[in-house]
Amino acid sequence: MGLALLPAAVVTGCLAEPPGHLPSSIRILYSKAARDSLGERVDVWFLLARQGNELRLTEEDAHEVEPTFALGPRRVFYVREEEEGSEIWSIDLGGGDERLELAGDGDLREPDVSPDGARLAYTRVADGRSTVLVAGLDGTPGREVTTGPGSWSQPRWSPDGRRLVVVGGQAASSRLHLVDPDDGEPRPLTAGATAAQTEPDWSPQGTRIVFRQGEGAAAEIAVVTVDDGGQVTVLTDNGVEDGDPAFSPTGERIVFVSRRPDGRPNLWVMDADGSDVESLTTMEEGEEAADPDWL
């Protein structure tokens, strides 16, 4: 069943100064979990690495996760987790004009806005199954774009807006697939893969996809060519859990989450070939970084 975009619900944001006022060579959006004696909260943050600044963008009682920056409308889309389920919201880069974008039956997750700013791809989890849908930001109801058996999730638009990469299959054998959002026939991107493939992100040129390969301590960052036989290259190999990779706007660097060296999830960055690895954050006890995306 399709889901309609809802009228905007506007509330006040909490970012004291828009990130554009703070010059930086690295600007990254991410979610940050913090646990203390009062419980846990998760908010969306900005990291402005050159300045060493972290700025909180959201500050509601609910958990706010999976942020993604939409260049067309220049807004941040994210998931708000409530007791009744999860919804998709957006907020401007100044921390204001917060809007409820999408709600309905089931949990709505993993938003990604098309390059032209017209369509929103997302995952709906209901009745034990996840499916990928595409809705129009003009209010056009969501339409399922993945057909066939199994569960589908984690949609990401190609830079030209013609394809989605999605994750499909059973949880223990998830694979990357490409799908035309208008015909819904996913095709595997790699042949003969054995390790799980999750958390994909396109290079700006649309020629490669970076993703997480494997699970737990065996999880590494890898890239696969899109139109050249699906050749996979593993970029990390360190015996700790790496994941959540995302290409920079130029394609020259990749931000990712790693549990090196002390087991806490922190943001790291490396060149697109896996070299020049640098730490970006140092989480304190009870803190975790996740879901990075570049501005």
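Overview of the structure.

Scoring rules and cut-offs
Residues numbered from 1 in each chain as written. Predicted model: local features only at pLDDT ≥ 70, side-chain atom pairs only at ≥ 80, totals over all residues. Heavy atoms only, no water. Core = buried A, V, L, I, M, F, W, Y, C linked by side-chain atoms within 4.5 Å. Buried < 20%, exposed > 50% of the residue type's maximum accessible area, 1.4 Å probe, protein only. Helix = DSSP H or I, 4+ residues; strand = E, 2+ residues; numbered from the N terminus. Contact = heavy atoms within 4.5 Å. Pairing = 2+ DSSP bridges.

### Considerations on the nonpolar core
Across soluble globular proteins, nonpolar side chains have a tendency to be buried as a group.
Here is step 1 of the chain: Judged by nonpolar contacts, the single largest core of 14 residues is most densely connected at Ile-28, Tyr-30, Leu-47, Val-255, Leu-267, Leu-280 and Trp-294.
Here is step 2 of the chain: If you list the elements that add at least two residues to this core, you get strand 1 (27–36), strand 2 (39–48), strand 21 (253–258), strand 22 (266–271) and strand 24 (287–294).
Here is step 3 of the chain: In this view, Leu-47 contacts Ile-26, Arg-27, Ile-28, Tyr-30, Asn-53, Glu-54, Leu-267, Leu-280 and Thr-281; residues no more than four positions away in its chain are not counted.
Here is step 4 of the chain: Counting residues in each nonpolar core, the second largest holds 12 residues, with Phe-69, Val-76, Trp-89 and Leu-100 among its members.

### Some thoughts on the environment of Leu-235
Here is step 1 of the chain: Mapped onto the fold, Leu-235 is located in the loop between strand 19 (232–234) and strand 20 (242–247).
Here is step 2 of the chain: Taking the C-alpha atoms as reference points, Leu-235 and Ile-221, 14 residues apart in sequence, are found 5.5 Å from one another.
Here is step 3 of the chain: When near neighbours in sequence (up to four residues on either side) are disregarded, Leu-235 contacts Ile-221, Ala-222, Val-223, Ile-254, Met-270, Ala-272, Asp-273 and Gly-274.

### Quick look at the sheet that holds strand 13 (residues 164–168)
Here is step 1 of the chain: Read from one edge of the open sheet, four strands run 12-13-14-15, paired in antiparallel fashion. Whereas interior strands pair on both sides, the edge strands pair on one side only; in this sheet they are strand 12 (152–157) and strand 15 (187–188).
Here is step 2 of the chain: Here strand 14 (residues 175–179) runs beside strand 15; their pairing, made up of two bridges, is antiparallel. Directly across from His-177, in strand 15, lies its bridge partner Pro-188.

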